[in-house]
Amino acid sequence: MTKKILSIAAAVILVSFLMIGCGNKTTDPAKVSPNKGIETYQGNWKPKDTSKPYGGTFTINSDGSINMHDSEGTTIQKNQITDKGNEVYEFSIQGYTITLTFKDVSNCIMNQGGMDIEMIKVN
C-alpha cells in the first residue's frame, strides 16, 4: 500500500513539473518589442544595388503613407499597410504583396513577389 501511495505521489510531482515547463509564455524579446510605426522611416528609398533590373523606389511620408515611384504614381495610405510586428510592414499593389522589413532607419529588405531586395534610405 505504501509503495502504491509513493508511486502516485511521484507521478503527481512529475506531472506538476511537466505542466510548469510547458507554459505558453512568450520569452522571445523580438516578439514583444513594440513597433515604432512606419512613419519612423520617412524619406526616399531606393535599391542598394542599382545595377539590378528590379526593385522600385518609394517614399515614406510623415503621415505613414507610401508613394510608389511607379508609372501610375500609386500612393498606399497608412490604413492599407498592415503592421506585422517587429518592424515588418506589408501592403498590396498591382496584385503583388510587398513586405518591408526594417533593419534600422536607413536599411530595409523589400520582398516583392518572393524576391528580397536590399533598400537604403537616400534622404
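Residues numbered from 1 in each chain as written. Predicted model: local features only at pLDDT ≥ 70, side-chain atom pairs only at ≥ 80, totals over all residues. Heavy atoms only, no water.

Draft legend 1. Region of interest: the overall build of the protein chain. Across its full length, the protein chain carries 2 helices and 9 strands. Listing each helix as α and each strand as β along the protein chain from the N terminus yields α-α-β-β-β-β-β-β-β-β-β. Sequence-distant contacts, at least 24 apart, represent 38% of the contacts inside the protein chain between residues at least 6 apart. With the model as given, the accessible surface of the protein chain reaches about 8,300 Å², and the carbon-plus-sulfur share is 56%. (Helix = DSSP H or I, 4+ residues; strand = E, 2+ residues; numbered from the N terminus. Contact = heavy atoms within 4.5 Å. Areas by Shrake-Rupley, 256 points an atom, 1.4 Å probe, with all protein chains shown as cover.)

Draft legend 2. Structural view of the nonpolar core. By size, the foremost hydrophobic cluster in this structure holds 19 residues, and its most contacted members are F58, I66, F91, L100 and F102. Residue assignment for this core shows that the elements contributing at least two residues are β2 (58-60), β3 (66-68), β6 (88-93), β7 (96-104), β8 (107-112) and β9 (115-121). (Core = buried A, V, L, I, M, F, W, Y, C linked by side-chain atoms within 4.5 Å. Buried < 20%, exposed > 50% of the residue type's maximum accessible area, 1.4 Å probe, protein only.)

Draft legend 3. Layout of the pattern of salt bridges. Going through the model one piece at a time under the given rule, you end up with 2 salt bridges. The partner of E39 in a salt bridge is K78, with the nearest N and O atoms 2.9 Å apart. On the criterion of sequence distance, the pair formed by E39 in the loop between α2 (29-32) and β1 (43-47) and K78 in the loop between β4 (75-76) and β5 (82-85) is long-range, its members being 39 residues apart. What makes K78 partly exposed here is its relative accessible area of 39%. One salt bridge in this structure joins E118 and K48, with 3.9 Å as the shortest N-O distance. Pair noted here: E118 is in strand β9 and K48 is in the loop between β1 and β2, with a separation of 70 residues, a long-range link. (Salt bridge = Lys/Arg side-chain N within 4 Å of Asp/Glu carboxyl O.)

Draft legend 4. Representation of the sheet that holds β2. Read from one edge to the other, the open sheet built from 9 strands follows the order β4-β3-β2-β1-β9-β8-β7-β6-β5, with strand pairing classed as antiparallel. Since the sheet does not close on itself, it has two edges, and those belong to β4 and β5, each with one partner. Here β6 runs beside β7; their pairing, made up of 6 bridges, is antiparallel. If you follow V88 over to β7, its bridge partner there is T101. (Pairing = 2+ DSSP bridges.)

Draft legend 5. Summary view of the packing of aromatic side chains. Enumeration over the complete set of coordinates arrives at 4 aromatic pairs. Aromatic pair Y41 and F102: ring centres 3.8 Å apart, planes at 5°, arrangement stacked. Of this pair, Y41 sits in the loop between α2 and β1 while F102 sits in strand β7, and the two are 61 residues apart along the sequence. We classify F102 as buried; its relative accessible area is 6%. With centroids separated by 6.0 Å and ring planes inclined at 70°, the aromatic side chains of Y89 and F102 adopt a geometry described as edge-to-face. (Phe/Tyr/Trp six-rings, centres within 6.5 Å; stacked < 30°, edge-to-face > 60°.)

Draft legend 6. Representation of the pairing of β7 in the model. Two successive antiparallel strands, β6 and β7, enclose a turn made up of 2 residues, where Q94 displays a positive phi of approximately 50°. In the sheet, β7 pairs with β8 via 6 bridges, with the strands oriented antiparallel. Paired with I98 across the bridge in β8 is Q112. Linking β7 to β8, which pair antiparallel, is a turn of 2 residues.

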